[in-house]
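# Structural description and commentary
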There are 4 protein chains.
Amino acid sequence: MTTAVDTTVFTDLESEVRSYSRSWPAVFASASGSWLRDESGRDYLDFFAGAGALNYGHNNPVLKRALIDYLAMDGITHGLDMHTVAKRRFLETFRQLVLAPRGLDYKVQFPGPTGTNAVEAALKLARKVTGRESIVNFTGAFHGMTLGSLSVSGNATKRAGAGVPLVHTTPMPFDNYFDGETPDFHWFERVLDDAGSGLNRPAGVIVETVQGEGGVNVARAEWLRGLADLCASRDILLIVDDVQMGCGRTGPFFSFEVAGITPDIVTLSKSIGGYGMPMAVTLFKPELDVWSPGEHNGTFRGNNPAFVTATAALEHYWSDDALQRSTLRKGRRIEEIFANLSDSFDGVGCRGRGMVQGLVFDDPGKAVKVCGLAYDDGLLAETSGPSDEVVKLLPPLTVTDAELDHGLSILAEATAKVCA
Amino acid sequence: MTTAVDTTVFTDLESEVRSYSRSWPAVFASASGSWLRDESGRDYLDFFAGAGALNYGHNNPVLKRALIDYLAMDGITHGLDMHTVAKRRFLETFRQLVLAPRGLDYKVQFPGPTGTNAVEAALKLARKVTGRESIVNFTGAFHGMTLGSLSVSGNATKRAGAGVPLVHTTPMPFDNYFDGETPDFHWFERVLDDAGSGLNRPAGVIVETVQGEGGVNVARAEWLRGLADLCASRDILLIVDDVQMGCGRTGPFFSFEVAGITPDIVTLSKSIGGYGMPMAVTLFKPELDVWSPGEHNGTFRGNNPAFVTATAALEHYWSDDALQRSTLRKGRRIEEIFANLSDSFDGVGCRGRGMVQGLVFDDPGKAVKVCGLAYDDGLLAETSGPSDEVVKLLPPLTVTDAELDHGLSILAEATAKVCA
Amino acid sequence: MTTAVDTTVFTDLESEVRSYSRSWPAVFASASGSWLRDESGRDYLDFFAGAGALNYGHNNPVLKRALIDYLAMDGITHGLDMHTVAKRRFLETFRQLVLAPRGLDYKVQFPGPTGTNAVEAALKLARKVTGRESIVNFTGAFHGMTLGSLSVSGNATKRAGAGVPLVHTTPMPFDNYFDGETPDFHWFERVLDDAGSGLNRPAGVIVETVQGEGGVNVARAEWLRGLADLCASRDILLIVDDVQMGCGRTGPFFSFEVAGITPDIVTLSKSIGGYGMPMAVTLFKPELDVWSPGEHNGTFRGNNPAFVTATAALEHYWSDDALQRSTLRKGRRIEEIFANLSDSFDGVGCRGRGMVQGLVFDDPGKAVKVCGLAYDDGLLAETSGPSDEVVKLLPPLTVTDAELDHGLSILAEATAKVCA
Amino acid sequence: MTTAVDTTVFTDLESEVRSYSRSWPAVFASASGSWLRDESGRDYLDFFAGAGALNYGHNNPVLKRALIDYLAMDGITHGLDMHTVAKRRFLETFRQLVLAPRGLDYKVQFPGPTGTNAVEAALKLARKVTGRESIVNFTGAFHGMTLGSLSVSGNATKRAGAGVPLVHTTPMPFDNYFDGETPDFHWFERVLDDAGSGLNRPAGVIVETVQGEGGVNVARAEWLRGLADLCASRDILLIVDDVQMGCGRTGPFFSFEVAGITPDIVTLSKSIGGYGMPMAVTLFKPELDVWSPGEHNGTFRGNNPAFVTATAALEHYWSDDALQRSTLRKGRRIEEIFANLSDSFDGVGCRGRGMVQGLVFDDPGKAVKVCGLAYDDGLLAETSGPSDEVVKLLPPLTVTDAELDHGLSILAEATAKVCA
């Protein structure tokens, strides 16, 4: 027997723009690790993890300890862009555990605490450095909802929400857009080099190595290298938006490491704060640091509690390669199950890298049904892709093997029901 | 004897875009109420209060208790836009203590956790509702740094940072721009009604009731009423950006209450979360709620810890009118001191409302010097205005009378030194 | 008894965009001097003169002779931008009779044969020279219908026809927009000099000295001087669009001569060819001639028959000041009659300069009626202004005194009928 | 012995933007048929023909007679958009000889007398009809130099001249852009149908059937049919810009006839007036005629002398198929010679349709040299293509066989010299 859920205030007072609460109508009360609990006490295994903002799980106890201690001792909460002890520790730790071991010489900007802030700063900087306005983005891209980020995103409905024409951007085909029928950058390289093509010469290219919102589209390492080479040889800045795929989602800390490239600009947000609290950084090569003081700012660019949990997360998870190895191992486990499902049922495919994995249905309606059945069985998983045709998995990287298998078995069952 | 401050990692690793840390180079470690403490143990009275994000002071103990309890019991930290107990409590409390008593029938959108997210959502909505692209903003405006918000902001340097021409907006004179020489809306009304004026008919008008960044420019109540009437009669949406001036900064919860108007759309951020944690809302009349589900989103739009502290702040400070009365009283105290300074020294004026007050110097250099001397004496106060000619005070609303007097005496002394 | 006019092919085949033919449905067959004759043999006195393209009257015999001789001897008709004898003669004559006597050191560009081509070239050049995108235009402006020119025009209906938001321009109040209530450039100068105003710093300002389409709005000489000073002191280029008001319409060859200013860029078209054939020039100070070869072009930029008639017109009419004097004299005659009408009837005013004169009706419907009655009596005169409230007279400069009086008496009678 | 050419006034007074006069420095005095004569009496065979504006040759005697007669009898010269006898005759003749025989039911707009006017009107109309802003154009396109037309043109240098970012357009690959490696519309169709592609849904597509400026790039009939089908099935308007390729250049009156398609909108200019005088029309399906009266206008949209020569040209050349047949025959003659050259010399290719033919050099410098040598031998021929790598032939359609052979032999000799 379930208690009827009281959601009156949400339907009465909250805007129609609310979204996830429609698919998952429970009222959630608490959370821990891979699990959410609703107010009636029911538990849900979370394979969405804050859309990638909770790589270390909900209320990770290591980070929680650091956070509560910091709050308890009245550490700075709101610091604008002032020097703080917490920011210094974050910067030092980030340099020591992330940048230095990877040979990355980046300056760090705190552009405001969300992914779209980081992207807006990246686009501004690319334009300022080059003196050009145009940006090349890719089919299937998603980079955020403020006007600059939205202009480089692909989803037609979200673009229409801008209410003004979104300009200064030209989409190019993402990797595999034509399933290998055409050479990489066949079109992009040609129009770049043809002075009569009508392409506005771009300041930069913005790319996700794996497109999450776009439907778990995975760029191959050689494609990324080709893109980096193309940008370098034409004096175009390469921006990797690692907001969702960074912080270990694909295995290594940065998702582009697998390709051996060094982007000119990198954005991070979502899991960088570790504990699901707003934080973002924009990284760029030192020679690109042409900002004037305060030329970009934001009230919450110094969210110090997030610096504290970010530091704790780096120390705990990135001092060695254990997390990376377990992520790759668990990723292979998901791939295996998904491959089985793909083999067992017509019209089902799969793709992914590390712990972002998609189960792809030829019939988009089936993906939605699978997620609906999964929710009924206590599993949160979201669809993505232009037609919601992909069940996208983003479990916490800290999910246990048992939890993973449990969640995958729910999905397998749901798939069987839907595809039988 | 002071220990030399080690700021190496900031100068080495953080981008040149950092700003406040240049004027206030201390490394801050902890904070409480109206005070910041640096790592050497030195205390600073904070009359800037997170640019208005800390109306209830640093690490307010009432909110801190609620926050730590919530974290300790593993309340939801990251909730996207799912239903949560914390969000329900916030919505119910906001309705009961803020909307209902003021007769405001607004829908609430969580557009992402920062002021610029709230403004971007407001602009999108105004454009979607009206089918028009253009927005009228005002001289001296500041609304944020993402591309949409920046396009309605006035500061030429920040605008230049966009790297693309900022279009779809036309500035109109803010109240008192001509010191009463011309009737209110002389120009605006005329070009609106002249079908040959070349003004693109606006979807909406965005206005701050007091322009903080613009130099503490105060709109009179009658001007705001005139603006609301003008918008209503021409079918243009009125957006009040109350990110900095809302949450009691000018006395009442909303800064527009003094004018007796009901804007079509209102943005709140900064102090809405209470504890300096990122949170924002966009409010609008129910008939404007034409959003499709998910048409605007953002990873951190459900920052539940901020919902918790927001709720606690509302309950503690907005259940009666004590805070409002004390804000107005303290505001008058600042005005009194500032009026004295203005009387005593040539080239010094003052303006403000409630607890946002500006000391205005004919010679901009003097405002900068006053803030510099104040910092040396342990007081944080910022300049604003197009030429940094205004010392802008935004003390916590919870500042004690003694603290207020202490800070004002530092400022008075600094002013005397600079103007003597 | 009139033969029914056969206009079938026009209504069947020509687009709904046709306009003048709706007010003046006659089918015109021939023309001479100030007169048009329709195919039924009825004569119409033409006080519209091709919207200012026929300052020397229809089929002026002097120019006709030159033109037919040129065609007969197989002079170059179509010359792109090649050197031709006809172009050389035009350039030499233009320098000798127009530029040199006025001390004007301008380079000449043939930007394509219409006014809007000349304006587009002017805007491009101003942007290229300054590296800025924004242009300031004026309320009531009209500069043409291609996208660049339309963006600096005021009429809301025509702007809407663009189908894209018209941006990069900001309208400022034209002279007398507030009937002298505010100082000249009160708003413009202030927002230019306020770094927080939100005005995009303009590349140039484009202005008509008398706004024809806008309703015969006349800029005073001191206002034009003030504008030139403002532009010069802020490093903004001043573009005078003399397409309609140049070539003697206001008396002197250039309409800005009365103000003693030297614009940075000047556009001419309409009557520059003399005979109503398409021709245009863009003039600019030599130091602004930063064009690359072919950077702006157009198939008909070398309309050599128009060079021939242009040269003949300059030689015949601009070798002495007879035309200028007669224009001013006839202008005064119109003013006198219009002043009488204005004195005689309530709600009627007048304004103008030289031979562009407007009879202004408080009730716009009356202006339309007056033009309708005039047409019935064999006079062509058009309304202008945002509400079509102005009867605008642009008679050929070569109109005889008798013709002028005849036409004015028709107008006086019509006004009397409509206003009695 | 040659007289030194006096070009002082051109170099002194005319803008640096002048272009053809740099390659062909002669001062031309008269012209007849396929020949230009300079002031020293030297004759030049003209295989450029006013960039396609002189399909019937220079000063064609049939048209000249009609024109001089019209001028002599004081026919209307300048008619705005009033009904005139000359316009009626043109419309009736155009319907009878052009539209009706081809089963085309088009409305006719006179948008101003140049190609770019016609294109601007077409773009406005497509946007108004669909309510969308975006236009798809093609690599290598050229449509004109005013802001709207320039935004759909490809040449990077000309685009840069705009001085503002050119937006609202996305280039797609023209036919053969990848030499058949990819299926037609591989990329275009895919991004149109992918709701996540980021392509702004276009109002219309603008295309040349043969790109003249772009380097004589010929679209195959099946590609044009595919494009028409794609547009029709996606509710996108197809605009064929036939400014250069219409009026018989490729054989039939309209260049798209070969494909059996009916574009939604067609632009004509250049040779439509017949005699090299400015004239243009925009044609569109009746259901698209949503213009309001005067919503688009232009002073010279009623260039009546051009209506007269246009009518005479239609009557003389388009009452039967003789011209079309001779054009195709002469085109084959050029192809034959070009094919020989291509066979004889490495790095030389050829392409074209009807009487627009290109000789393509792998080494762009050689094309320039060939044209230079040809000029020395009394032949005018221009290069085109993004790198000026194509010798483009546009002889008058009325060129005699002997003239054609003479010109081709000059070119063959020049090619031999350059490629030997």
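As a starting point, this report considers the structure included with it. Note that the structure is a prediction, hence the values are computed from the model and not measured.

Broken down by element type, chain A carries 14 helices and 17 strands. Relative to the compact-globule value of 22 Å for 420 residues, chain A shows a C-alpha radius of gyration of 21 Å, a close match. Burial statistics for chain A: of 420 residues in total, 69% are counted as buried. Entry remark: accessible area of chain A is about 12,500 Å², with carbon and sulfur atoms responsible for 48%. Averaging the locations of the 38 positively and 52 negatively charged side chains of chain A gives two centres separated by 4 Å.

Overlaying chain B on chain A yields an RMSD of 0.0 Å, the required transformation being a rotation through 180 degrees with an accompanying axial translation of 0.0 Å. In symmetry terms, the pair is related by a two-fold rotation axis. Among all residues of chain B, the minimum C-alpha distance to the rotation axis is found for L147(B), at 2.6 Å. Looking at the interface residues of chain B, 99% of them are also at the interface in chain A, so both copies use one shared face.

Counted under the stated rule, the structure contains 104 salt bridges over all chains. With its nearest N and O atoms 2.7 Å apart, the salt bridge here joins E295(A) to K128(A). Separated by 167 residues along the polypeptide, E295(A) in the loop between β12 (281–284) and α11 (304–317) and K128(A) in helix α6 (residues 115–130) bring together distant segments of the chain. Classification of K128(A) as partly exposed rests on a relative accessible area of 30%. With a closest N to O distance of 3.4 Å, E189(D) and R234(D) form a salt bridge. Here E189(D), found in helix α9 (residues 186–193), pairs with R234(D), found in the loop between α10 (221–233) and β10 (237–241); they are 45 residues apart in sequence, far enough to count as distant. Linked by salt bridges that have partners in common, E16(A), R18(A), R22(A), K107(B) and D289(B) make up one network.

Right, let's talk about the interface of chain B and chain A for a bit. Across the contact, 107 residues belong to chain B and 106 residues belong to chain A. Roughly 9,200 Å² is buried in total at the junction of chain B and chain A, and carbon and sulfur atoms are behind 63% of that figure. Per-residue buried area on chain B facing chain A is highest for L13(B), H83(B) and F300(B); these three make up 9% of the total on that side. The interface formed by chain B and chain A contains eight salt bridges. Between E14(A) and K87(B) there is a salt bridge whose closest N-O contact spans 2.9 Å. With seven residues, the top contributor of residues to the side of chain B that touches chain A is helix α5 (residues 85–99) of chain B. Across the side of chain B that touches chain A, the residue classes tally to 49 nonpolar, 33 polar and 25 charged.

A few words on the side chain of D46(B). All names here are of chain B. Tracing the sequence through the fold places D46 in strand β3 (residues 43–46). Buried within the structure, D46 lacks any salt-bridge partner; R249 is the closest side chain of opposite charge, at an N-O distance of 8.9 Å. Those residues in contact with D46, other than ones at most four positions away along the chain, are S34, L36, H58, L380, P395 and P396.

What follows covers the sheet that holds strand β17 (residues 390–393) of chain B. Residue and element names in this part refer to chain B. The sheet built from four strands is open, its strands ordered β13-β14-β17-β16 with antiparallel pairing. Pairing within the sheet leaves two strands with one partner each, and these edge strands are β13 (348–353) and β16 (382–384). With direction set aside, neighbouring strand axes in the sheet form an average angle of 30 degrees. Bridge analysis of strand β14 (residues 356–361) against β17 gives four bridges, and the strand direction is antiparallel. The residue bridging L359 from the neighbouring strand is V391, located in β17.

Attention now moves to the environment of D43(B). All names here are of chain B. As for its placement among the helices and strands, D43 is situated in strand β3. By relative accessible area, D43 is classed as partly exposed at 31%. Engagement of the side chain of D43 in a polar contact is seen with the side chain of R37, the distance being 2.7 Å.

All names here are of chain D. The topology assignment puts N137 in strand β5 (residues 134–138). Residue class for N137 comes out buried when judged on its relative accessible area of 1%. For N137, the side chain forms a polar contact with the main-chain oxygen of V152, separated by 2.8 Å. The contacts of N137, once residues within four sequence positions are left out, are S151, V152, S153, T169, T170, P171, M172 and I206.

For the rest of this paragraph, the subject is unusual backbone geometry. One non-glycine residue, N59(A), lies in the positive phi region at around 45 degrees. Position of N59(A) relative to the elements: it lies in the loop between α3 (49–52) and α4 (61–72). Located in the positive-phi region is D388(C), a residue other than glycine, with phi close to 55 degrees.

This next bit is on helix α5 (residues 85–99) of chain A. For α5(A), with 15 residues, the first-to-last C-alpha span of 20 Å sits near the 21 Å given by 1.5 Å per residue. Every buried residue of α5(A) is listed here: A86(A), K87(A), R88(A), F90(A), L91(A), T93(A), F94(A), L97(A), V98(A) and L99(A). Contact partners of the buried residues in α5(A): α4, β4 (107–109), β11 (265–268), β12 and α11 of chain A together with α1 (8–13) of chain B.

The next thing to look at is the sheet that holds strand β2 (residues 35–38) of chain C. Backbone hydrogen bonds hold the strands of a sheet together, and the pairing may be parallel or antiparallel. All names here are of chain C. Read from one edge to the other, the open sheet built from four strands follows the order β1-β2-β3-β15, with strand pairing classed as mixed. Here the strands that pair on one side only, and so sit at the sheet edges, are β1 (28–32) and β15 (379–380). Two elements, β1 and β2, share four bridges in a ladder whose sense is antiparallel. Bridging across to β2, A31 finds its partner in L36.

Let us now look at the packing of aromatic side chains. Following the criterion strictly, the structure yields 85 aromatic pairs over all chains and no others. Arranged with centres 5.2 Å apart and planes meeting at 75 degrees, the rings of F28(D) and Y44(D) form a pair that is edge-to-face. Of this pair, F28(D) sits in strand β1 (residues 28–32) while Y44(D) sits in strand β3 (residues 43–46), and the two are 16 residues apart along the sequence. Owing to a relative accessible area of 2%, Y44(D) belongs among the buried residues under this scheme. Between the aromatic rings of F174(D) and W223(D), the centroid separation amounts to 5.2 Å while the plane-to-plane angle is 55 degrees, which identifies the pairing as tilted. In this pair, F174(D) sits in the loop between β6 (169–172) and α9 while W223(D) sits in helix α10, placing the two residues 49 residues apart along the sequence. Here F174(D) matches W223(D) in class, with each residue buried. Feature note: the residues F90(A), F94(A), F110(A), F253(A), F254(A), F256(A), F307(A) and W318(A) constitute an aromatic cluster, connected by ring pairs. Positioned over the ring face of Y177(C) is R190(B), at 3.8 Å from the centre of the ring.

Scoring rules and cut-offs
- Residues numbered from 1 in each chain as written.
- Chains lettered and ligands numbered in written order.
- Predicted model: local features only at pLDDT ≥ 70, side-chain atom pairs only at ≥ 80, totals over all residues.
- Heavy atoms only, no water.
- Helix = DSSP H or I, 4+ residues; strand = E, 2+ residues; numbered from the N terminus.
- Rg over C-alpha atoms; globule rule 2.2 N^0.38 Å.
- Buried < 20%, exposed > 50% of the residue type's maximum accessible area, 1.4 Å probe, protein only.
- Areas by Shrake-Rupley, 256 points an atom, 1.4 Å probe, with all protein chains shown as cover.
- Lys, Arg positive; Asp, Glu negative; His and termini not counted.
- Charge placed at Lys NZ, Arg CZ, Asp CG, Glu CD.
- Least-squares fit on C-alpha atoms with pLDDT ≥ 70 in both.
- Contact = heavy atoms within 4.5 Å.
- Salt bridge = Lys/Arg side-chain N within 4 Å of Asp/Glu carboxyl O.
- Buried area = accessible area lost by both parts, 1.4 Å probe.
- Nonpolar A, V, L, I, M, F, W, Y, C, P; charged D, E, K, R; others polar.
- Pairing = 2+ DSSP bridges.
- Axes fitted to C-alpha atoms, helices over the stretch in contact; angles between N-to-C directions.
- Polar contact = N/O pair within 3.5 Å; in protein donor to acceptor, adjacent residues only side chain to side chain.
- Expected span 1.5 Å × (residues − 1).
- Phe/Tyr/Trp six-rings, centres within 6.5 Å; stacked < 30°, edge-to-face > 60°.
- Lys NZ or Arg CZ within 6 Å of the ring centre and 35° of its normal.

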